[in-house]
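So you can see what is in the structure, the chains are spelled out below.
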Amino acid sequence: MTLRADARRNRARILEAAEKVLVEKGTTVPTEEIARAAGVGIGTVFRHFPTKEELIQGVFVARLHRLADDATRLAEGPDPGAALASFLRQAVSQGEVKNALAAMLTSAGVDLHEAAGEAQQEVRRALGMLLRSAQESGAVRRDLRVADLIGLLAGTSRAIEYAGQDAAARDRILSVILDGLRP
């Protein structure tokens, strides 16, 4: 079913507000607070997302779509090596939020791979394009695969979380990973 333009706008506002509020206050935040932040009534939130788990899943999937869009846009740039590094920096900087959303879904009993569905495949395809371009330009080692890169992203995101607010440590961790990608 295709949504009317106003319904699409409301859904987008709800997802944007929900992401911000959930990141700031966690999953215990009342849905009414998310509705207020989005500037819609609670009924509008529930029409789009009948349960809080579906709302959190919607936020998680929307983030994956944005990640795929970013990778696709960067893959079209003039410097594939710099584009991949930029994507990795951006993805890692957002990893803490993604991990928190994933933990919220997992604790609610949601299967993340099933929840992410097509969005996850979209990220893999876009990341594949970005990686191939960087490899063909000679900026990245040729033995690296998309699955390897995703594993590195996940591990680096966790390492960055572990570093906490120490910006220098976070930068060093990311630099080590980026250095390891070079041929």
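These numbers come from a predicted model, not from an experiment.

## Remarks on the overall build of the protein chain
At step 1: Broken down by element type, the protein chain carries nine helices and zero strands.
At step 2: Each helix (α) and strand (β) of the protein chain, taken in turn from the N terminus, gives the series α-α-α-α-α-α-α-α-α.
At step 3: Each of the 183 residues in the protein chain was classed as buried or not, and the buried ones make up 41%.
At step 4: Taking the contacts inside the protein chain whose residues are at least 6 apart along the sequence as the reference set, 67% of them involve residues at least 24 apart.
At step 5: Counting only carbon and sulfur atoms, one obtains 53% of the accessible surface of the protein chain, whose full area is about 10,000 Å².

## As for the pattern of salt bridges
At step 1: Scanning the entire structure with this criterion turns up ten salt bridges.
At step 2: A salt bridge links Arg-4 to Asp-6; the shortest N-O distance between them is 2.8 Å.
At step 3: The closest approach of N and O atoms between Arg-182 and Asp-179, which form a salt bridge, is 2.3 Å.
At step 4: Salt bridges linked by common partners bring Glu-19, Arg-63 and Arg-66 together as one network.

## A word on the side chain of Glu-19
At step 1: Within the secondary structure, Glu-19 sits in helix α1 (residues 5-25).
At step 2: Once you skip the residues sitting within four places of it in the chain, Glu-19 turns out to touch Val-59, Arg-63 and Arg-66.

## With respect to the environment of Phe-49
At step 1: Checked against the element boundaries, Phe-49 lands in the loop between α3 (42-48) and α4 (52-75).
At step 2: Residue Phe-49 is classed as buried on the basis of its relative accessible area of 3%.
At step 3: Between the C-alpha atoms of Phe-49 and Ser-133, which are 84 residues apart in sequence, the distance is 38 Å.
At step 4: Setting aside residues up to four positions removed in sequence, Phe-49 forms contacts with Arg-11, Ile-14, Leu-15, Glu-54, Leu-55 and Gly-58.

## Regarding the packing of helix α5 (residues 80-93) against helix α8 (residues 146-163)
At step 1: The geometry of α5 relative to α8 is characterised by a closest axis approach of 9 Å and an angle of 45 degrees between their N-to-C directions. By the criterion of interaxial angle, the relationship of α5 to α8 is oblique. As for the relative orientation of α5 and α8, their crossing is right-handed in sense. Along its contact with α5, which presents Leu-84, Phe-87, Leu-88, Ala-91 and Val-92, the element α8 presents Leu-149, Leu-153, Thr-156, Ser-157 and Ile-160.
At step 2: Of the residues assigned to the contact of α5 with α8, the class counts are eight nonpolar, two polar and no charged.

## Considering helix α9 (residues 167-181)
At step 1: With 15 residues, α9 ought to run about 21 Å at 1.5 Å a step, and its terminal C-alpha atoms sit 21 Å apart, in line with that.
At step 2: Among the residues making up α9, those that are buried are Ala-169, Leu-174, Leu-178 and Leu-181.
At step 3: Each element contacted by the buried residues of α9 is listed here: α5 and α8.
At step 4: Near the N-terminus of α9, the side chain that reaches the backbone nitrogen of Ala-168, with its oxygen 3.2 Å away, is that of Asp-166.

## Examining the nonpolar core
Where a protein is soluble and globular, its nonpolar side chains tend to be buried together.
At step 1: In terms of nonpolar packing, the biggest core is built from 52 residues, with Leu-84, Phe-87 and Leu-130 touching the most fellow members.
At step 2: Counting residues per element, the ones that place at least two in this core are α1, α2 (31-38), α4, α5, α6 (95-107), α7 (112-136), α8 and α9.
At step 3: Examining the composition of this core, we find that twelve residues originate from one element, α4, more than from any other.

## Concerning the confidence of the model for the protein chain
At step 1: For the protein chain, mean pLDDT is 89; residues scoring 70 or higher make up 98% of the total.
At step 2: Looking across the protein chain, the model is least confident in α6, with a mean pLDDT of 78, and most confident in α2, with 94.

Procedures and definitions
- Residues numbered from 1 in each chain as written.
- Predicted model: local features only at pLDDT ≥ 70, side-chain atom pairs only at ≥ 80, totals over all residues.
- Heavy atoms only, no water.
- Helix = DSSP H or I, 4+ residues; strand = E, 2+ residues; numbered from the N terminus.
- Buried < 20%, exposed > 50% of the residue type's maximum accessible area, 1.4 Å probe, protein only.
- Contact = heavy atoms within 4.5 Å.
- Areas by Shrake-Rupley, 256 points an atom, 1.4 Å probe, with all protein chains shown as cover.
- Salt bridge = Lys/Arg side-chain N within 4 Å of Asp/Glu carboxyl O.
- Axes fitted to C-alpha atoms, helices over the stretch in contact; angles between N-to-C directions.
- Parallel < 35°, antiparallel > 145°, perpendicular 65-115°, else oblique.
- Left-handed = near helix turned anticlockwise from the far one by under 90°.
- Nonpolar A, V, L, I, M, F, W, Y, C, P; charged D, E, K, R; others polar.
- Expected span 1.5 Å × (residues − 1).
- Polar contact = N/O pair within 3.5 Å; in protein donor to acceptor, adjacent residues only side chain to side chain.
- Core = buried A, V, L, I, M, F, W, Y, C linked by side-chain atoms within 4.5 Å.
- pLDDT = per-residue confidence, 0-100.

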